[in-house]
Structures are given as structure tokens and as C-alpha cells.
Amino acid sequence: MARLNSYLAGGSPPGGGREYPGCRDARPPLRSLPLELPGRMYFATQSPVWSGGRAFYDADAPDGVVRARAHLVTAGQFADIAAQEMYRAPGRDLDLAPVLGTGRARLGDGRYETLLYPGDVDGLPVLTFTAPWSRGDVAHVRPSGPYLRHIAEGLFESGAWDLHGIAAYLAACTDGDWTAAEIEALPRR
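Residues numbered from 1 in each chain as written. Predicted model: local features only at pLDDT ≥ 70, side-chain atom pairs only at ≥ 80, totals over all residues. Heavy atoms only, no water.

Asker: Explain the overall build of the protein chain residue by residue, including any values.
Answerer: Scanning the protein chain from terminus to terminus reveals six helices and seven strands. Projecting the C-alpha coordinates of the protein chain onto the three principal axes gives extents of approximately 45 × 35 × 30 Å. Here the protein chain holds 189 residues, and the buried ones make up 46% of them. Taking contacts inside the protein chain between residues at least 6 apart in sequence as the whole, the part at least 24 apart equals 59%. As displayed, the protein chain offers around 9000 Å² of accessible surface, 54% of which is attributable to carbon and sulfur atoms. Treating the 19 positive side-chain charges of the protein chain as one cloud and the 22 negative ones as another, the clouds have centres 4 Å apart. (Helix = DSSP H or I, 4+ residues; strand = E, 2+ residues; numbered from the N terminus. Buried < 20%, exposed > 50% of the residue type's maximum accessible area, 1.4 Å probe, protein only. Contact = heavy atoms within 4.5 Å. Areas by Shrake-Rupley, 256 points an atom, 1.4 Å probe, with all protein chains shown as cover. Lys, Arg positive; Asp, Glu negative; His and termini not counted. Charge placed at Lys NZ, Arg CZ, Asp CG, Glu CD.)

What follows is the structure, given as C-alpha cells:
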């Protein structure tokens, strides 16, 4: 929630190296829940915020499950969160009809500029954003410890997974760059 709050209200998430301007509507999500999506999470490119590989979602990977948290936010909040991840100023609504109609909409060539619609939860669309490329198209980059810790804490907060299971899951996503024991040993906030 700390990361989401930085996007909503502005600020920097604990351990992050970037200040976010926040959304036009800073209200917290109406609800949050754990979610598993088909595909794979992988780490690529270099994050100036976390000093290591960034997490991406390959929805087309034939094997695997991505553990995530779904937050019920408004369409405007989603647009502002996506803009902040695209290094754009928040304040412009997105036309969600293309992604809702086809499951994917590419807004640009950069990372986090492809919108995905992997399905519905309780009759509401689940939307996310990732890179336009797939896991096999880019070089793997080792994620930083603070970034992994941040992801692990977010998954743990959801209440669906224990720390040991989260560490094993994240270790698998790093393709051998981290072991589950190393991830479990990362200092917690």
C-alpha cells in the first residue's frame, strides 16, 4: 500500500528513489485483494528508482502464475498511476475502450506503456500495464534487494501468501539471481 499511496497522494515509497506527483483523486482504493494472473513476472531494463531490474508482466508466457494485488480505483486514478509510471504528468484520462475490447492496447514503445486486460473480478475489469515486449525478447536484469523486499511486503500485506512462499515465488521470477533464503533474509521495514 505504501507504493500505491505514493502514486495516489504523491511522495516516494519507502526505499524508492523517485518522488511521484500523485493523482488528481488521492482517495484510497475502495478495496484491495490478492490475485493470481496467468503468465510470468520477469525483471528487465534498469530502474532508476530501485537500482536494478524492473518487474514486468508477460501475460503471454505459456507457463506460470503471477501473484498480484488488485486495487479498486477509478478510471481516472488508473490513468494517473499509469502516467506516473510512464514518466508523464498525470491529469489526462485514458481511452480504455481499446484495451477492454481486445485485451491489449499499446500507448507507446516504452516500458509500462502497454495496457492489459487479463479478465474480470466480481464483474469489474482488471487492468494493468507492462512493456510491449515479452520475457524472451529482452535481457534479464537482476533486481535490487530493496525492490524485491518492497514487492514481497506488498504480496504479504495481501494476506494470501506467507513470507516463505513469497520468497520462493520471487526467487523463481529472478531466474536464479536470488535464492529464496536470500530474499527471506532481506531486512524488513
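Asker: Mind laying out the pairing of strand E1 (residues 32-38), listing which residues take part and the relevant values?
Answerer: Side chains of E1 alternate between two faces, with Leu 33, Leu 35 and Leu 37 buried and Ser 32, Pro 34, Glu 36 and Pro 38 left unburied. Summarising the sheet, E1 and strand E4 (residues 65-71) pair through seven bridges and their orientation is antiparallel. Following the sheet pairing, Pro 34 is matched in E4 by Arg 69. (Pairing = 2+ DSSP bridges.)

Asker: Report on the environment of Pro 146, specifying residues and quantitative values.
Answerer: With respect to the helices and strands, Pro 146 occurs in helix H4 (residues 145-157). Classification of Pro 146 as partly exposed rests on a relative accessible area of 34%. A sequence separation of 95 residues divides Pro 146 from Ser 51, and the C-alpha atoms of the two residues are 8.9 Å apart.

Asker: Can you tell me about the environment of Arg 69, naming the residues and giving the values?
Answerer: Mapped onto the fold, Arg 69 is located in strand E4. Along the chain, Arg 69 and Ala 180 lie 111 residues apart, while their C-alpha atoms are 21 Å from each other. Once residues lying within four places of it in the same chain are set aside, the contact partners of Arg 69 are Met 1, Ser 32, Leu 33, Gly 154, Leu 155, Glu 157 and Ser 158. Only 3.1 Å separates the side chain of Arg 69 from the backbone oxygen of Gly 154, close enough to count as a polar contact. (Polar contact = N/O pair within 3.5 Å; in protein donor to acceptor, adjacent residues only side chain to side chain.)

Asker: Report on the confidence of the model for the protein chain, specifying residues and quantitative values.
Answerer: Averaged over every residue, the pLDDT of the protein chain is 94; the share at 70 or more is 99%. When pLDDT is averaged over each helix and strand of the protein chain, the minimum, 92, is found for helix H1 (residues 2-9) and the maximum, 98, for helix H3 (residues 97-102). (pLDDT = per-residue confidence, 0-100.)

Asker: Give a detailed account of helix H5 (residues 163-173), specifying residues and quantitative values.
Answerer: For H5, every residue scored as buried is listed here: Ile 166, Ala 167, Tyr 169, Leu 170, Ala 171 and Cys 173. Against strand E2 (40-47), E4, H4 and helix H6 (180-184) lie the buried residues of H5. Asp 175 occupies a position one or two residues after H5 and carries a positive phi of about 55°.

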